[in-house]
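These are the residues of each chain, in order.
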Amino acid sequence: MRKGIEIRDAHFPDRAPIDAYGNGGFRFADMSHRGSLLCLPSGIHGWDATEASALDPKLFARVLEEAGDIEVLLVGTGTEIRRLPPELKIRLRDAGIISDPMNTGAAVRTYNVMLAESRAVAAALIAV
């Protein structure tokens with residue numbers, strides 16, 4: 001029996017540098033993804049954030065679940081730098097995570113360098 005189209009959550013089960021970004025998505029590990037990404041110790045996950053999204057702590061639930069393996073979270077906020085809401089900064093800090101918001105391009109470049117250095121880094125990247 002034929003199945004219809006199966007839609008699954010986007011997930012790449014490993015860490016990988018980001019090869020390119022722009023046009024609403026990212027390229028990594030010989031693949032491409034349309035939309036935003038969470039780059040975590042458990043792998044690279046599709047993320048529902050956009051430049052228009054409020055940076056609500058609920059968007060960072062998966063980051064907080066993996067807090068024990070993350071020292072630094074780079075937050076690529078889109079084309080412009082946006083401050084993280086105080087509630088989110090506090091929740092991240094209480095989980096032992098240093099957060100650093102910057103535009104998405106800078107976050108991608110910094111993530112790649114820190115990943116190459118085998119640092120405990122994660123990134124929340126809003127697509128541009």
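These figures come from a predicted structure and were not determined experimentally.

Chemist: Can you tell me about the side chain of T104, naming the residues and giving the values?
Modeler: With respect to the helices and strands, the residue T104 is situated in helix α3 (residues 104-116). Once residues within four sequence positions are removed from consideration, T104 is found in contact with F26, G76, T77, G78, I126 and V128.

Chemist: Explain α3 to me, and be specific about the residues and the numbers.
Modeler: In this model, α3 (13 residues) spans 18 Å end to end at C-alpha, consistent with the 18 Å of a helix rising 1.5 Å per residue. All of the buried residues in α3 are T104, G105, A106, A107, V108, Y111, M114 and L115. Where the residues of α3 are buried, they touch β2 (18-22), β3 (25-28), β5 (36-40), β7 (72-76), β8 (98-102) and β9 (121-125). Regarding α3, its N-cap is N103, as a side-chain oxygen of that residue lies 3.1 Å from the backbone nitrogen of G105 further along. Downstream of α3 by a residue or two, S118 has a phi angle that is positive, lying close to 60°.

Chemist: Quick rundown of the side chain of S36? Include the residues and the values.
Modeler: Tracing the sequence through the fold places S36 in strand β5. Here the side chain of S36 touches A49 through a polar contact of 2.6 Å, landing on its backbone oxygen. Here A127 takes part through its backbone nitrogen, which lies 3.0 Å from a polar atom of the side chain of S36. Non-local contacts of S36, meaning those with residues more than four positions away in its chain, are made with F26, H45, G46, W47, A49, L125, I126 and A127.

Chemist: An account of the pattern of salt bridges is needed here, citing residue identities and associated values.
Modeler: A complete count under the given rule lists two salt bridges for this structure. Taking the shortest distance from any N to any O, the salt bridge between E87 and R91 comes out at 3.9 Å. Taken as a pair, E87 and R91 lie in helix α2 (residues 86-94) at a separation of four residues, close to a single helical turn. Take E87: its relative accessible area is 48%, and that puts it in the partly exposed class. Classification of R91 as partly exposed rests on a relative accessible area of 40%. With a shortest N-O distance of 3.5 Å, R119 and E117 are connected by a salt bridge. Note on R119: relative accessible area 38%, which makes it partly exposed. Judged by its relative accessible area of 48%, E117 is partly exposed.

Scoring rules and cut-offs
- Residues numbered from 1 in each chain as written.
- Predicted model: local features only at pLDDT ≥ 70, side-chain atom pairs only at ≥ 80, totals over all residues.
- Heavy atoms only, no water.
- Helix = DSSP H or I, 4+ residues; strand = E, 2+ residues; numbered from the N terminus.
- Contact = heavy atoms within 4.5 Å.
- Expected span 1.5 Å × (residues − 1).
- Buried < 20%, exposed > 50% of the residue type's maximum accessible area, 1.4 Å probe, protein only.
- Polar contact = N/O pair within 3.5 Å; in protein donor to acceptor, adjacent residues only side chain to side chain.
- Salt bridge = Lys/Arg side-chain N within 4 Å of Asp/Glu carboxyl O.

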